[in-house]
Amino acid sequence: NSPLQGPLPQLRQDLALHVAPPALDGSPCWHLHDPAANHFYQIGWVAFEILARWSLESPEAIVAAVNSETTLEIDSDTIKAVADFLERHHLLASHDARNTTRLIAARAARR
């Protein structure tokens, strides 16, 4: 489990966020829609706040912004967990042959 280095990878442009019913504890939730796979992922408040600031590109900048602009307290491990989720579900933009090959293999495995 390596730490994040350099700028964060870009999110896919086709993803959409929709408000979802609150979690059982009353905290807000959203659905992250992947239209390419026609799949919805439910995310909580922490992930939403991180994704809302993803364009800052730096894990340190996102941590500082979330911690100063909300009542949440996150750290770089939280950013890493969200980045790992996004990568695992192919929600990051791919701009090289290695990523394209990985996406083709994942699609073939789903069939």
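Going by the structure above, here's the rest.
Structure report, in brief. It should be emphasised that the depicted structure is a prediction, and the values quoted were computed from it without experimental measurement. (Residues numbered from 1 in each chain as written. Predicted model: local features only at pLDDT ≥ 70, side-chain atom pairs only at ≥ 80, totals over all residues. Heavy atoms only, no water.)

1. Thoughts on the side chain of glutamate 49
Here's step 1: In this fold, glutamate 49 is placed in helix H1 (residues 45–52).
Here's step 2: Within the structure, the side chain of glutamate 49 is placed 2.9 Å from the side chain of tryptophan 45, a separation counted as a polar contact.
Here's step 3: When neighbours within four sequence positions are excluded, glutamate 49 is seen to be in contact with Val66, Thr70 and Leu72. (Helix = DSSP H or I, 4+ residues; strand = E, 2+ residues; numbered from the N terminus. Polar contact = N/O pair within 3.5 Å; in protein donor to acceptor, adjacent residues only side chain to side chain. Contact = heavy atoms within 4.5 Å.)

2. Description of the sheet that holds strand S3 (residues 39–44)
Here's step 1: Spatially, S1-S2-S3 is the arrangement adopted by the three strands of the open sheet, whose pairing is antiparallel. If you trace the sheet from one side to the other, it starts and ends with strand S1 (16–20) and S3, each paired once. Shown here is a sheet whose adjacent strand axes are inclined to one another by a mean of 30°, direction ignored.
Here's step 2: The pairing of strand S2 (residues 29–34) with S3 spans six bridges and is antiparallel. Across the sheet, leucine 32 pairs through a bridge with tyrosine 41, a residue of S3.
Here's step 3: Seen against the sheet, H1 touches S1, S2 and S3 and runs at an angle of roughly 100° to S3. (Pairing = 2+ DSSP bridges. Axes fitted to C-alpha atoms, helices over the stretch in contact; angles between N-to-C directions.)

3. Quick notes on the pairing of S2
Here's step 1: Along S2, five of the six residues are buried, which leaves the element largely enclosed by surrounding structure.
Here's step 2: In this sheet, S2 lies alongside S1 in antiparallel orientation, the contact comprising five bridges. Looking across to S2, one finds that alanine 20 is bridged to cysteine 29.
Here's step 3: Hairpin connection, S2 to S3: the antiparallel pair is bridged by four residues, and asparagine 38 has positive phi, about 50°. (Buried < 20%, exposed > 50% of the residue type's maximum accessible area, 1.4 Å probe, protein only.)

4. Describing the side chain of arginine 53
Here's step 1: Residue placement: arginine 53 occurs in the loop between H1 and helix H2 (59–69).
Here's step 2: Its relative accessible area of 12% is what places arginine 53 among the buried residues.
Here's step 3: A distance of 2.5 Å separates polar atoms of two side chains, one belonging to arginine 53 and the other to glutamate 49.
Here's step 4: Each residue touching arginine 53, except ones within four places of it in the same chain, is listed here: Ile62, Ala65, Val66, Glu69 and Thr70.

5. A few points about the nonpolar core
Here's step 1: Membership of the largest hydrophobic core comes to 22 residues, with the highest contact counts inside it found for Leu32, Trp54 and Leu86.
Here's step 2: Counting residues per element, the ones that place at least two in this core are S2, S3, H1, H2 and helix H3 (76–88).
Here's step 3: Here this core gets five residues from one element, more than from any other, and that element is H3.
Here's step 4: Not counting residues within four places of it along the chain, the set of residues in contact with tryptophan 54 comprises Leu8, Pro9, Gln10, Leu11, Ile62, Val82, Ala83, Leu86 and Leu92. (Core = buried A, V, L, I, M, F, W, Y, C linked by side-chain atoms within 4.5 Å.)

6. Observations regarding the environment of valine 66
Here's step 1: Examined against the element boundaries, valine 66 turns out to sit in helix H2.
Here's step 2: The class for valine 66 is buried, based on a relative accessible area of 1%.
Here's step 3: Taking the C-alpha atoms as reference points, valine 66 and glutamate 49, separated by 17 residues in sequence, lie 6.6 Å from one another.
Here's step 4: Setting aside chain neighbours within four positions, we find valine 66 in contact with Glu49, Ile50, Arg53, Leu72 and Ile74.

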